[in-house]
Amino acid sequence: MGLTAPTPASPAPGHESPAARARGLTVARRRASALLGAVTVLFVAETVAGDHGILLGYVQAGAEASMVGGVADWFAVTALFRHPLGLPIPHTAIIVERKDQFAATLGQFVQENFLNGDVLAERIRSARLVPRLADWLADEGNAARFAGRAADLVVTVAENLRDEDVQRVLTAELTRAVDAVEVAPLAGRVLRVLIAGGQHAEVFNAILSGADRYLAGHAAELRELFEAEAPRWVPDAVYRRLFDRLYNRLRQRLAAMAADPDDQTRRQFEAWIAGLPDRLETSPELRERGERLKRDVLGSAVLRDWSSPLWRRIKEGLRTQAADPDSELRRRMAGVLVAAGRRLGSDRRLADGLDRMVESGVRGLADQFHDELAGLVTGTIQRWNAAETSSQLELLLGRDLQYIRINGTVVGAAVGLILHVIVVGVG
């Protein structure tokens, strides 16, 4: 796989496109070559012309040393990326020939200097992540925006879950939760709480009210059933009057029982229900009946049918709450975030503990994965095409390297002049 450089449509400031780098490299290379060519021409001209005095001797010495320095630096720069003049000279085309060694060295460098637990921990401490996080969360605007993003994320996750999978999980979890609880003792404890709060009286009144509503709504049906059981020789009018009297007396009795807190039937009900919690908690028969009822419910399709609309209602509720900036969900999430930020900013012990937790986590990740990450760097570079890698690196570094050639040419001239001064002075 070759190393490929991105080609953005509009490069960000400080990031040149490959085409711009290529143009810059070409211009810098021409400047360095033009300077080397100029001093070469000057040296050849002075050599052909011969010795014409002291001044021209200095010019010739400077041009000679400048040409040597320029050629040496041209050779050194070129040898990094390719064989100079195409000749397979040893220790040239270094990047092409030693790409794999470079990859291993870079991977080791990254591992030792970037993926080191101490380095990462120090970087985290200097970045003051926890105080900055506390300040950011304490801002209500930031908390509201984060709550909105979090709510949208929850909705996105919910939308991408398969309803069948969620329904199966809900059913399994409900089944596991219910199966772990004995029904009869739990019902006994619940009933004991209701009795302690006096709510059993409301249960009795509800029973009476339900019975009265049933009688009121089924009078004609009950009359027909009553008359159907009457002997044929008894006149229908007699049975109708008898039914009406019994019907009215029964409804009056229900009303009297509901109105009288000291009614005998109410007292009997209260005595019966007062002993029911103990029986539910201790009676093996009631325990077995409760477990049998529980198994019947868990084994039926009722639980599965109930979990499906439950998930749909949950998902629809999440969608509605996430879309409304003033929804209860988003307000509560934002409030929790603001409170967490303020607590984190004011509680030094909590902040220090979170700092230590983050540092410990980073150290653990570095110790666990530094070999893998370093191997990723090494393996990625080793898979690059050597020639293309060299070409891309030359685009990245070549312009500065051409200035090395120019500097070598200029410094060579200065050194040549100094040496010529020394030689003339000694002579």
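All figures in this text were calculated on a predicted structure; none of them were measured in a lab. (Residues numbered from 1 in each chain as written. Predicted model: local features only at pLDDT ≥ 70, side-chain atom pairs only at ≥ 80, totals over all residues. Heavy atoms only, no water.)

Participant: How would you sum up the side chain of Ser327? Please name residues and give values.
Facilitator: Tracing the chain through its elements places Ser327 in the loop between helix H15 (302-323) and helix H16 (328-346). By relative accessible area, which is 5% here, Ser327 ends up buried. Reaching out from Ser327, the side chain makes a polar contact with the backbone nitrogen of Arg330 at a distance of 3.3 Å. (Helix = DSSP H or I, 4+ residues; strand = E, 2+ residues; numbered from the N terminus. Buried < 20%, exposed > 50% of the residue type's maximum accessible area, 1.4 Å probe, protein only. Polar contact = N/O pair within 3.5 Å; in protein donor to acceptor, adjacent residues only side chain to side chain.)

Participant: Explain the nonpolar core to me, using residue names and the numbers behind them.
Facilitator: One finds Leu191, Phe204, Leu208, Tyr247 and Leu280 to be the most contacted residues of the largest nonpolar core, which totals 15 residues. Among the secondary structure elements, those contributing two or more residues to this core are helix H9 (183-196), helix H10 (200-217), helix H12 (236-259) and helix H13 (264-282). In terms of nonpolar packing, the next biggest core, distinct from the first, is built from 6 residues, Leu137, Ala334, Leu337 and Val338 among them. (Core = buried A, V, L, I, M, F, W, Y, C linked by side-chain atoms within 4.5 Å.)

Participant: Residues and numbers for the pattern of salt bridges, please.
Facilitator: Inspection of the entire model under this criterion finds 12 salt bridges. Here Glu316 ties to Arg319 by a salt bridge, and the two come within 2.3 Å at their closest N and O atoms. Highlighted residues: Glu316 and Arg319, both in helix H15, separated by 3 residues, approximately one helical turn. Taking the relative accessible area as the measure of exposure, Arg319 reaches 30% and is therefore partly exposed. (Salt bridge = Lys/Arg side-chain N within 4 Å of Asp/Glu carboxyl O.)

Participant: Lay out the confidence of the model for the protein chain in plain terms, naming residues and giving numbers.
Facilitator: Of the residues in the protein chain, 90% reach a pLDDT of 70 or more, and the chain-wide mean stands at 79. Considering only residues more than four positions removed or in separate chains, one finds that residues 1-13, a stretch of pLDDT under 50, has 18 contacts. (pLDDT = per-residue confidence, 0-100. Contact = heavy atoms within 4.5 Å.)

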